[in-house]
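Chain residues, written in single-letter form:
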Amino acid sequence: MARKIALVGIGKIARDQHVPALAASADWELAATVSRSGSVDGIDAYTDFAEMLAARPDIDTVSLCMPPVPRYAYAEAALQAGRHVMLEKPPGATLAEVHTLQAMAAGKGLTLFATWHSRMAHAVAPAKAWLADKTVTRAHITWREDVRKWHPGQDWVFEPGGMGVFDPGINALSILTEILPAPVHLTSATLTFPANRQTPIAADLAFSGGVTAEFDWRQTGPQTWNIEVDTNAGPLALRMGGNRLELGGVEVAGENSIMGEYPALYARMAQLVADGTSDVDLSPMVHVADALTLGRRLFTDPFDF
Ligand code: NAP
């Protein structure tokens with residue numbers, strides 16, 4: 001029988017991905033929404049989270065789709081109320097708050113799943129498997145997209161804790177940390193801030209082991225989400241945000257679609273709850289925190305949506 005789940009924060013990603021993924025899932029029944037401004041047709045709708053938690057003891061899992069800064073208070077309330085919790089990426093505004101949630105979930109025997117949707121892209125698992133016995137000699141990430149297309153009017157991305165270009169960049173880092181056969185650490189970064197904003201619109205990163213990354217939110221026209229890796233056995237490339245795999249320049253696996261990622265996240269959440277375990281890997285966010293710690297700051301033209 002499908003398990004009941006509530007979706008909290010009915011914004012862009014909830015509508016684009018979570019609602020269709022849940023509608024197609026045999027594991028889950030979307031039993032309620034919590035939103036100050038929106039609802040989903042035919043689903044019990046609440047505007048207040050505490051009210052939903054009190055009114056619906058039959059819903060034992062919540063999926064939190066709001067931006068990272070407000071998310072902690074909801075996650076804490078859900079765990080205190082005995083609910084399993086699924087977190088959108090990035091899992092929090094700070095590393096310490098996610099550690100707190102992790103300890104709280106463990107103490108209560110509840111599941112906490114810090115999701116990384118890009119790790120569920122079609123070609124990530126085969127890329128990881130191929131790289132497992134290779135030596136990486138160099139890797140480069142190119143993640144260039146148009147913030148106006150993907151975050152229309154979302155000023156929170158430029159507020160403290162919104163992470164700026166690291167909001168998409170952390171997707172690349174979630175793939176990198178998943179597929180590399182050995183961990184790397186950040187060694188330098190250059191961060192470019194619009195003169196009127198609190199978070200960077202572009203970033204260039206360098207890591208140990210010859211790994212580099214360029215993130216830019218100012219790309220119009222075709223969008224670029226590539227990870228190119230040189231190894232002792234030839235080059236590997238992930239394209240389309242981890243959905244297509246090339247080995248030696250020849251496409252060998254994957255699909256030109258991101259629509260498998262959220263169904264796979266919900267299948268994983270169902271498994272974690274059934275197994276009574278959690279999945280909280282903060283390594284992508286550690287790299288972002290390190291870049292914001294170590295980064296050299298440049299300033300550029302003001303940015304407005
Ligand atoms: P969004 O549309 O701007 O916000 C989502 C919802 O969060 C809003 O509809 C609002 O819900 C709630 N919210 C915003 N501020 C809040 C606050 N201060 N307190 C409580 N609730 C608040 O953002 P989004 O694009 O869906 O992104 C949400 C998360 O998903 C982010 O962490 C983002 O990185 C991740 N994500 C986004 C995308 C994308 O393409 N946009 C892709 C993958 C992952 P109500 O008005 O319903 O209360």
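Scope of this entry: the structure provided in the associated data block. (Residues numbered from 1 in each chain as written. Predicted model: local features only at pLDDT ≥ 70, side-chain atom pairs only at ≥ 80, totals over all residues. Heavy atoms only, no water.)

What follows covers unusual backbone geometry. A negative phi holds for most residues other than glycine; trans holds for most peptide bonds. In this structure, P90 follows K89 across a cis peptide bond, with omega equal to -20°. In this structure, P90 sits in the loop between strand 5 (84-87) and helix 4 (95-108). Residue M240 is not a glycine yet carries a positive backbone phi of 55°. For M240, a relative accessible area of 26% puts it in the partly exposed group. (Helix = DSSP H or I, 4+ residues; strand = E, 2+ residues; numbered from the N terminus. Buried < 20%, exposed > 50% of the residue type's maximum accessible area, 1.4 Å probe, protein only.)

The local shell around the ligand holds 25 residues, among which S35, R36, S37, K89 and D167 are the closest. Here the ligand loses 83% of its free accessible area of 870 Å² to cover by the protein chains. Ranked by residues supplied to the shell around the ligand, first place goes to helix 3 (residues 68-80) with four residues. (Near = heavy atom within 4 Å. Areas by Shrake-Rupley, 256 points an atom, 1.4 Å probe, with all protein chains shown as cover.)

All right, on to the pairing of strand 8 (residues 186-194) then. Both faces of the sheet carry side chains from a regular strand, because those side chains alternate between them. Taken together, the six bridges between strand 8 and strand 9 (residues 202-207) define a ladder with antiparallel strand orientation. Along strand 9, the bridge assignment pairs S188 with A206. In this structure, strand 8 lies alongside strand 15 (residues 296-300), joined through five bridges in parallel fashion. The residue bridging T192 from the neighbouring strand is L298, located in strand 15. (Pairing = 2+ DSSP bridges.)

The strands making up a sheet are joined through hydrogen bonds of the backbone, oriented either antiparallel or parallel. Strand order in the open sheet formed by six strands is 3-2-1-4-5-6, and the pairing between neighbours is parallel. At either end of the open sheet lies a strand with only one pairing partner, and these are strand 3 (45-46) and strand 6 (112-114). As defined by bridge partners, strand 5 adjoins strand 6 across three bridges and the pair is classed as parallel. By the bridge assignment, L87 is partnered in strand 6 with A114. Helix-sheet contacts for helix 8 (residues 261-275) involve strand 1 (3-8), strand 2 (28-34), strand 4 (61-64), strand 5 and strand 6, and the interaxial angle to strand 5 is about 150°. (Contact = heavy atoms within 4.5 Å. Axes fitted to C-alpha atoms, helices over the stretch in contact; angles between N-to-C directions.)

So, about the nonpolar core. Within the largest apolar cluster, 46 residues are counted, with the highest numbers of intra-cluster contacts made by I141, W143, F166, L205, F207, F215 and L238. Apart from the residues within four sequence positions on either side, L238 is in contact with A123, A127, I175, I179, W225, N226, I227, R244 and L245. Of all hydrophobic cores here, the second largest spans 28 residues; its members include I59, L64, V85 and L87. (Core = buried A, V, L, I, M, F, W, Y, C linked by side-chain atoms within 4.5 Å.)

Note that all results are geometric; they support no functional claim without further evidence.
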